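# Report on the structure
Here is how the chains run, residue by residue.
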Amino acid sequence: MTKTLEALFRKRGPIKRIGVLGMGYVGIPAAALFADSPEFEKVYGFQRDSPSSGYKIAMLNKGESPLKGEEPGLEDLLKKVVRAKKFECTSDFAKIATLDAVTLSIQTPFLNKEDLLPDFSALIEGIKNVGRYLQPGTLVVLESTITPGTTTGLAREILEQESGLKAGTDFALAHAPERVMVGRLLRNIREHDRIVGGIDTLSTRRAVELYSPVLTLGKVIPMSSTAAEVTKTTENTFRDLQIAAINELALYCEAMGINVYDVRTGVDSLKGEGITRAILWPGAGVGGHCLTKDTYHLERGVQMLGKGLLDYPENEPSLFVLARHINDFMPVHMSRLTTDALKRAGRPVKGATIAILGWAFLANSDDTRNTPSEQYRDIMIGKGAKTRVHDPFVAEYPGVPLVPMLEEAVGGADAIVIFAGHHQYKGLKAATLKKLSGKKHPVIIDGRNLIDADAFIKTGFIYKGIGRGDKNGHEIVEG
């Protein structure tokens, strides 16, 4: 069986023509970097010509990035590869038949987290599109974060059914999970090590050939496809766990009347050989596509692949899922801080006007996927408050009107609530915001530790911040 695939690779020669399915935060920079490599001749970015996202095709073919926010170097690189005719975005999936390698970068959310039911509908559609046009000797790589076992199970089955070919015999199949963060997409792809896991040795080797040319500082780490799936879900699960640890500590510090940032500085100061204290930052909530669901992919994987084999404390909840619940709780805590602060100011929540600063979940980006601001807004509206949303990077969001000017959002507001760490919010002035609010004691809730608490308190604000037990019960200054 292996000899057949090896012969097909020899016949094709080196990988020259590549397709990338999914023109989003992962697919666009990946396609641009493949196209920029002298090792490759042509890269197609595949995008459905749908009412919601078909506009990306024309933009990308003009060298324009449909991604907003600060993404260093991406648009310049797109213009370069478009001018060189090495990159083209298309909705014609039949072109897959002309390619040596195809990657899929498609979102994999969850329908039901409690029952561990993922929504693989978009991924399945993408895999079917590849399978319909798959030719012998082609490499197929899943970059999407997926439940462990998906590459050798669901993906393999669909590709074989649609193409009539056999994985490992007629085509290569691998998982090479993306490891990018919005705001540094190109840098992450070039500099992070790349996990590459094939369903067999030849598939792994061919996938290593695909990714090696785009790496600068990073190196390729080969393993099995299932190990690669577990690696990806684990690294995000561990980051979520670390965030939950500091968020829980922040809640403890609030209850004990101390500053979590003092504690964090103290813990972080312990350094030396063999000492690791990876302590992150607390905040108003965790958003994005990955951290909010990868824990559930890992949990689903062990329930499917390790059923009846997992040795774990009886009747104890999963540590990873508990961490996920803590991070999901932070917008609820922000609502409680807001309610308490309004009460101190002598104003009920019902009828209060709340300015929410930041709709993107990540600082200096337009990424609104699973933003914790939405959960907070829903809670406050449910309590009878009126909300205004401002974000310098987000122009629109379905069902949520955004106010374009900060002054308009804050004007007459009873409470100002900081959800995103955008650099525009770091320079907020207490006197200016108080004047705009028109309130004697306006409320400010700092979910990202952006402002000088003392400066706002001295100006007459009612201040509360995540983890700021030293300030949250401050005396109200009469101005």
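In the block above lies the structure referred to throughout.
Below or above, wherever it landed, is the structure these notes cover. In this text the structure is predicted, and so the values were computed from the model without any measurement.

### What to know about the overall build of the protein chain
If you tally the helices and strands in the protein chain, you get 17 helices and 15 strands. Its C-alpha atoms give the protein chain a radius of gyration of 25 Å, within 12% of the compact-globule value 23 Å for 479 residues. Each principal axis of the C-alpha distribution contributes one length, and for the protein chain these read about 80 × 55 × 45 Å. Counting contacts in the protein chain only where the partners sit at least 6 residues apart, residues at least 24 apart contribute 75% of the total. For the protein chain, the exposed area adds up to about 20900 Å²; of that, 53% sits on carbon and sulfur atoms.

### Re helix α11 (residues 294-305)
Given a rise of 1.5 Å per residue, twelve residues ought to cover 16 Å, and the 16 Å separating the end C-alpha atoms of α11 matches this to within 8%. Along α11, the positions that sit buried rather than exposed are D294, T295, Y296, H297, L298, E299, R300 and G301. At its buried positions, α11 is contacted by β5 (110-112), β6 (117-118), α9 (225-256) and α12 (319-344).

### Notes on the packing of helix α2 (residues 27-36) against helix α4 (residues 74-83)
Here α2 crosses α4 at 50°, and the two axes come no closer than 9 Å. It follows from the interaxial angle that α2 and α4 lie oblique. Seen along the crossing, α2 lies across α4 with a hand that is left-handed. Here α2 contributes I28, P29, A32, L33, A35 and D36 to the contact with α4, which in turn contributes L74, L77, L78, K80 and V81. The residue makeup of the contact of α2 with α4, split by class, is nine nonpolar, no polar and two charged.

### Things to note about the side chain of K471
Within the secondary structure, K471 sits in the segment after β15 (462-465). At a separation of 2.7 Å, a polar atom in the side chain of K471 contacts the side chain of D454. With residues up to four places along the chain from it excluded, the contact list for K471 reads A453, D454, I457 and Y463.

### Comments concerning the sheet that holds strand β2 (residues 42-46)
Read across the open sheet, the eight strands follow the order β3-β2-β1-β4-β7-β8-β9-β10; overall the sheet is mixed. With partners counted over all chains shown, the strands left at the sheet margins are β3 (87-90) and β10 (220-224), one partner each. Taken over all neighbouring pairs, the strand axes of this sheet differ in orientation by 25° on average, direction set aside. Where strand β4 (residues 101-104) and strand β7 (residues 139-142) come together, four bridges link them in parallel fashion. Note that in β7 the partner of L104 across the bridge is L142. Across the face of the sheet, helix α5 (residues 121-133) comes into contact with β1 (17-21), β4 and β7 while running at roughly 170° to β4.

### Concerning unusual backbone geometry
Of note in this structure, K85 is not a glycine but carries a positive phi near 60°. Turning to its location among the elements, K85 is positioned in the loop between α4 and β3. Given a relative accessible area of 65%, K85 falls into the exposed group. Even without being glycine, N449 reaches a positive phi, approximately 55°. When you line up the elements, N449 lands in the loop between β14 (443-446) and α17 (453-458).

### Side note on the packing of aromatic side chains
Per the counting criterion, the structure on display carries ten aromatic pairs. The interplanar angle of 45° and the centroid separation of 5.9 Å between the aromatic rings of F238 and F320 together place this pair among those described as tilted. Of the two residues, F238 is situated in helix α9 and F320 in helix α12; the sequence distance between them amounts to 82 residues. Ring-pair connections join several aromatic residues into one group, and the members of that group are F34, F40 and Y211. R206 extends its terminal NZ or CZ atom over the ring of F9, reaching a point 4.5 Å from the ring centre. Looking at R264, its charged tip hangs above the ring of W281, at a distance of 3.5 Å from the centre.

### Remarks on the pairing of β14
Burial along β14 is two-sided: the face carrying V443 and I445 and the face carrying I444 and D446 are both buried. Inspection of the sheet shows strand β13 (residues 415-418) paired to β14 by four bridges, in the parallel sense. Across the sheet, V417 pairs through a bridge with I445, a residue of β14. Bridge count between β14 and β15: four bridges; the pairing is parallel.

### So, the nonpolar core
I18, M23, F34, V43, F87, L139 and L210 are the most contacted members of the largest nonpolar core, which totals 49 residues. Per element, the largest residue contribution to this core is seven residues, and it comes from α2. What M23 contacts, discounting residues up to four positions off in sequence, is I28, A31, G45, F46, Q47, K56, L60, F87 and C89. Membership of the second largest hydrophobic core comes to 39 residues, among which are A250, M330, L342 and A415.

### A few points about a nonpolar patch on the surface
A grouping of V302, L310, Y312 and L319 is seen on the molecular surface, where their side chains present a nonpolar patch of about 370 Å² in accessible area. Its location among the elements puts V302 in helix α11. V302 sits in the partly exposed class, given a relative accessible area of 30%.

### Observations regarding the pattern of salt bridges
Counting across every chain of the model gives 22 salt bridges. The closest approach of N and O atoms between D454 and K471, which form a salt bridge, is 2.7 Å. Of this pair, D454 sits in helix α17 while K471 is found in the segment after β15, placing the two residues 17 residues apart along the sequence. A single network of salt bridges, built from pairs that share partners, joins D240, R324 and D328.

### With respect to the pairing of strand β9 (residues 194-198)
Of all five residues that make up β9, five are buried, and the element is covered over most of its length. Of the two faces of β9, the one carrying R194, V196 and G198 and the one carrying I195 and G197 are both buried. When strand β8 (residues 172-175) meets β9, the two strands line up antiparallel, connected through two bridges. Residue A174 lies in a different strand from β9, and its bridge partner there is G198. Across five bridges, the pairing between β9 and β10 is parallel. From the neighbouring strand, I195 faces β10, where its bridge partner is I221. Since β9 and β10 lie parallel, the crossover through helix α8 (residues 201-211) that links them has a hand, and here it is right-handed.

Cut-off values and rules
- Residues numbered from 1 in each chain as written.
- Predicted model: local features only at pLDDT ≥ 70, side-chain atom pairs only at ≥ 80, totals over all residues.
- Heavy atoms only, no water.
- Helix = DSSP H or I, 4+ residues; strand = E, 2+ residues; numbered from the N terminus.
- Rg over C-alpha atoms; globule rule 2.2 N^0.38 Å.
- Contact = heavy atoms within 4.5 Å.
- Areas by Shrake-Rupley, 256 points an atom, 1.4 Å probe, with all protein chains shown as cover.
- Expected span 1.5 Å × (residues − 1).
- Buried < 20%, exposed > 50% of the residue type's maximum accessible area, 1.4 Å probe, protein only.
- Axes fitted to C-alpha atoms, helices over the stretch in contact; angles between N-to-C directions.
- Parallel < 35°, antiparallel > 145°, perpendicular 65-115°, else oblique.
- Left-handed = near helix turned anticlockwise from the far one by under 90°.
- Nonpolar A, V, L, I, M, F, W, Y, C, P; charged D, E, K, R; others polar.
- Polar contact = N/O pair within 3.5 Å; in protein donor to acceptor, adjacent residues only side chain to side chain.
- Pairing = 2+ DSSP bridges.
- Phe/Tyr/Trp six-rings, centres within 6.5 Å; stacked < 30°, edge-to-face > 60°.
- Lys NZ or Arg CZ within 6 Å of the ring centre and 35° of its normal.
- Core = buried A, V, L, I, M, F, W, Y, C linked by side-chain atoms within 4.5 Å.
- Patch = residues over 30% accessible without salt bridge, like charges linked within 9 Å, V, L, I, M, F, W, Y side chains within 5 Å.
- Salt bridge = Lys/Arg side-chain N within 4 Å of Asp/Glu carboxyl O.
- Right-handed = clockwise from strand over helix to strand, strands pointing away.

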